[in-house]
Amino acid sequence: MAAFLIAYSSIKNPDKMQEYAAAAGPTFAAFEGQPMARGAVKEVLAGSSDAQIAVVVKFPSAKHAHDWYHSDAYQQCIPLRDQAIDPTFLVVEEPPQ
């Protein structure tokens, strides 16, 4: 069943953020990840968050999302990510039909 990676972040360095996005974006394809939404966080409706940006990526399964995150290609992006943003990543699985 499909799963969604939901990532939200505060930005540490806007220039590094652009570099990170350019490096990380292409890593989804090998795991059939399809970006569904990305952009600025407009409103927090409940709770609190200092996230400025968010992305939602659809994968065929939670295992695909897990394997993407732990892939060599994405792991190589992490040092740049850590300079660019302060992220939280979640994987949410679609309920069975």
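Above: the structure in question.
Our subject in this report is the structure included herewith. Just so you know, these numbers come straight off a predicted model, no measurement behind them. Numbers given for residues are sequential positions, taken from 1 along each chain in its written order. Predicted model: local features are reported for residues with pLDDT of at least 70 only, side-chain atom pairs are reported and counted for 80 or more only, and whole-chain, interface and lining totals are derived from all residues. Only heavy atoms go into the side-chain values, all of them from the structure, while hydrogens and water stay out.

Topic: a nonpolar patch on the surface
Patch criteria: residues need more than 30% relative accessible area and no salt bridge. Like-charged residues are merged within 9 Å; nonpolar side chains of Val, Leu, Ile, Met, Phe, Trp and Tyr are merged within 5 Å. Methods summary: accessible areas were calculated by the Shrake-Rupley approach with a probe of 1.4 Å, and residue burial reflects only the protein chains presented. For salt bridges, the criterion is a side-chain nitrogen of Lys or Arg within 4 Å of an Asp or Glu carboxyl oxygen. Together, Tyr8, Leu90 and Val92 make up an exposed nonpolar region whose accessible area comes to about 220 Å². Within the secondary structure layout, Val92 lies in strand S4 (residues 85–93). Here a helix means four or more residues in a row that DSSP labels H or I, a strand means two or more in a row labelled E, and each is numbered from the N terminus.

Here's the deal with the packing of aromatic side chains
To pair, rings of Phe, Tyr and Trp, with the six-membered ring standing in for Trp, must have centres within 6.5 Å; the planes then decide the type, stacked if under 30 degrees apart, edge-to-face if over 60, and tilted in the middle. Under the definition given, this model contains 10 aromatic pairs. Here the aromatic rings of Phe28 and Phe59 are separated by 6.2 Å at their centres, their planes lie at 75 degrees, and the arrangement is edge-to-face. Taken together, the residues Phe28 in the loop between helix H1 (14–24) and strand S2 (34–40) and Phe59 in strand S3 (residues 53–59) connect sequence positions 31 residues apart. This pair shows no difference in class: Phe28 is buried, exactly as Phe59 is. Considering the side-chain rings of Trp68 and Phe89, the 6.3 Å spacing of their centres and the 20 degrees angle between planes classify their relative orientation as stacked. Of this pair, Trp68 sits in helix H2 (residues 62–69) while Phe89 sits in strand S4, and the two are 21 residues apart along the sequence. Each residue's exposure class comes from its accessible area (1.4 Å probe, protein chains only) as a fraction of the maximum for that residue type: buried when under 20%, exposed when over 50%, partly exposed otherwise.

Observations concerning the sheet that holds S4
Hydrogen bonds along the backbone pair up the strands of a sheet, which may run parallel or antiparallel. Ordered by their spatial adjacency, 4 strands build an open sheet running S2-S3-S1-S4, and the pairing between neighbours is antiparallel. Taken across any chain shown, the strands that pair with only one partner, and hence form the sheet edges, are S2 and S4. Averaged over all pairs of adjacent strands, the angle between their axes in this sheet comes to 15 degrees, without regard to strand direction. When strand S1 (residues 3–11) meets S4, the two strands line up antiparallel, connected through 9 bridges. Looking at S4, one finds that Ile6 is bridged to Leu90. Strand contacts of H1: S1, S3 and S4, with the helix running at about 35 degrees to S4, the strand carrying the most contacts. Lying on the sheet, H2 is in contact with S1, S3 and S4; it crosses S4 at an angle near 155 degrees. A pair of strands is considered paired only if DSSP assigns at least 2 bridges between the two. Axes here refer to lines fitted to C-alpha atoms; in helices the fit is confined to the stretch in contact. Angles between the N-to-C directions go from 0 to 180 degrees. Note on contacts: a residue pair qualifies if any of its non-hydrogen atoms lie within 4.5 Å across the two residues.

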